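Reading the structure
These are the residues of each chain, in order.
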Amino acid sequence: MEHKLFIHNTLSRKKEQFVPLHEPYVGMYVCGPTVYGDGHLGHARPAITFDLLFRYLQFLGYKVRYVRNITDVGHLEHDADEGEDKIAKKARLEQKEPMEVVQYYLNRYHKAMEALNVLPPSIEPHASGHIIEQIEFVKKIMDSGYAYISEGSVYFDVKKYNKDHHYGQLSGRNIDDLLETTRELDGQQEKHCPLDFALWKKAQPEHIMRWPSPWSDGFPGWHLECSTMGTKYLGQEFDIHGGGMDLVFPHHECEIAQSTAALGHQSVHYWMHNNMITINGQKMGKSLGNFITLDEFFTGSHKLLSQAYSPMTIRFFILQAHYRSTVDFSNEALQASEKGLQRLSEAYSRLQTLKPSAESTVDVKNLRQLCLDALNDDLNSPIVISHLFDATKAINAVADGKASISSEDLAELKDTFKLMTEDILGLRLNGDAANSVGADAYKKAVDLLLNIRLDAKKNKDWATSDKIRNSLQELGFTVKDTKDGFEWSL
Ligand code: ZN
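Below: a short report on this structure.

So, how was this worked out
Residues numbered from 1 in each chain as written. Predicted model: local features only at pLDDT ≥ 70, side-chain atom pairs only at ≥ 80, totals over all residues. Heavy atoms only, no water. Donors = N, O, S within 2.8 Å, 3.2 Å for Na, K, Ca; no water. Helix = DSSP H or I, 4+ residues; strand = E, 2+ residues; numbered from the N terminus. Buried < 20%, exposed > 50% of the residue type's maximum accessible area, 1.4 Å probe, protein only. Expected span 1.5 Å × (residues − 1). 1 Å grid on protein atoms, 1.4 Å probe; cavity = no way out; pocket = protein on both sides within 12 Å on 5 of 7 lines; lining within 4 Å. Points joined across faces, edges and corners; volume = space filled by probe spheres on them. Nonpolar A, V, L, I, M, F, W, Y, C, P; charged D, E, K, R; others polar. Patch = residues over 30% accessible without salt bridge, like charges linked within 9 Å, V, L, I, M, F, W, Y side chains within 5 Å. Areas by Shrake-Rupley, 256 points an atom, 1.4 Å probe, with all protein chains shown as cover. Salt bridge = Lys/Arg side-chain N within 4 Å of Asp/Glu carboxyl O.

Moving on, we get to the coordination of the zinc ion. Coordination of the zinc ion by the protein involves Cys31 (SG), Cys226 (SG) and His251 (NE2), with metal-donor separations of 2.0 to 2.1 Å. Taken in sequence order, the residues that donate to the zinc ion follow the motif C-x194-C-x24-H. Linking cysteine 31 in the loop between strand E3 (25–30) and helix H1 (41–59) with cysteine 226 in helix H7 (residues 224–234), this pair joins segments that are 195 residues apart in sequence. Overall, cysteine 31 belongs to the buried group, its relative accessible area being 11%. Looking at cysteine 226, the relative accessible area reads 1%, which means it is buried.

With 18 residues, helix H14 (residues 407–424) should reach 26 Å at 1.5 Å per residue; the first-to-last C-alpha distance of 24 Å fits that figure. For H14, the full list of buried residues reads Asp409, Leu410, Leu413, Thr416, Phe417, Leu419, Met420, Thr421 and Ile424. Where H14 terminates, the next one or two residues include glycine 426, which has phi positive at roughly 70 degrees.

On to the layout of surface pockets, then. Its volume calculated, the largest pocket comes out at about 1,300 Å³. Taken together, 42 residues make up the lining of the largest pocket; nearest its centre are His40, His43, His75, Lys86 and Asp246. Listed by contribution, the elements that provide at least two residues to the lining of the largest pocket are H1, helix H2 (86–94), helix H8 (248–263) and strand E13 (277–279). Of all the elements, H1 adds the most residues to the lining of the largest pocket, at 5 residues. Looking at the lining of the largest pocket residue by residue, the classes come out as 16 nonpolar, 16 polar and 10 charged.

With that settled, consider a nonpolar patch on the surface. Taken together, the side chains of Leu448, Leu449 and Ile452 define a hydrophobic patch exposed on the protein surface, amounting to about 260 Å² of accessible area. The topology assignment puts leucine 448 in helix H15 (residues 429–458).

This part takes up the pattern of salt bridges. If you walk through the whole model with that rule in mind, you get 21 salt bridges. Across the pair lysine 96 and glutamate 94 runs a salt bridge whose closest N-O atoms are separated by 3.3 Å. The partly exposed category is assigned to lysine 96, whose relative accessible area is 33%. Since its relative accessible area comes to 31%, glutamate 94 is described here as partly exposed. The salt bridge involving arginine 324 is made with aspartate 378; its shortest N-O contact spans 2.8 Å. Of this pair, arginine 324 sits in the loop between helix H10 (311–319) and strand E15 (327–329) while aspartate 378 sits in the loop between helix H12 (367–376) and helix H13 (381–399), and the two are 54 residues apart along the sequence. Look at the salt bridges and you will find they share partners, linking Asp38, Arg108 and Asp295 into a network.

The structure is reproduced here in structure tokens:
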């Protein structure tokens, strides 16, 4: 493939040229959500980051198999193998079947992803659908000698593994420092060492989600599903594994250890991690009261939000930062993104109406190459957007009669603008943005008509007043007169 795409590999800590194992095929695995609650901004960022990569790799001509898993079992409240299963707890509180909880939140997650124009992955495997494969994977780790059975549970032996391999190489830690900072938790006596993690947990009598295994009736440890499903669908070695930076340790560190133990080598060639989103400088968290779901953003129904934000505004906001930088949410920042997106949308509409001249006085020839250079430099979406804003200035200058463009340049500009905004950045410029502008204009138009009717009533012009009310009613509106004016709905 003729390109120079460089991506930052978390493992080597540097940008590396992307060369897939089996051109033109690319295998990409991204850790998906644990579906026990509504999606929030922290879910949107990895989904959009790896959607950008998915789209760009396809543009470069690769055939991408994109696997994004659904965690529906084994994710305990405290990642250190303790506490209740997050989904089982929700099911208990809501008096539902665990799979009812999973299906409900998965449907909502899909809807939010669709609204954000995130393409569906090629395969979306569920952890609970791969219990047999996970048991087989544990057996391989047992055979390699890096796991032990304790009270019906199976744990990964981190100290033993670390004698032969480096545990902590992805996160840049070493086992001595980890041992010093890891405190012994109650109920961990089953483990030989506090760093050991569960591959299989024996289920307590009250635990609902359980399967038979050679060791006990129980359930798989959370880290295991990604090693298992990644290699099942992408092979023992595959190209890209992504996720949020919060997953580097312990989740992805444990994945490397599991795969190395079971297969004798690592599975992943390029590890990629997106940075986190903070809210007014603070980490997002349920206990901090700043936990805003995607639906709440779309409807504006959270006390920290001064208005509703369209899904495309959220997408644009996330793409305006490089995926490895932190993003701080604030109303001001989102309002700025909303304005920026509107500028691009308006320019896109104006671009369709431009008339070519004999010669160009605007310089748009390099736009495509500049955008590609930015994408090849570790998916630098904010630089792509700044080039598109430069193009917006050129479009507006031509539209305002202050500059001219040749037919050849115009064709190229139309092509590049669509390619970058819609196809690669995945922005719905004339859909979503236009809809929210359209919705606003429509509300104002109905208000305008009803204000004219108010004036007519004041002037005792009953004919006009009735005509407006009856016509709106025929169109399906309900109009109510109130003390200080009117109320309407459709
Ligand atoms: Zn994972």
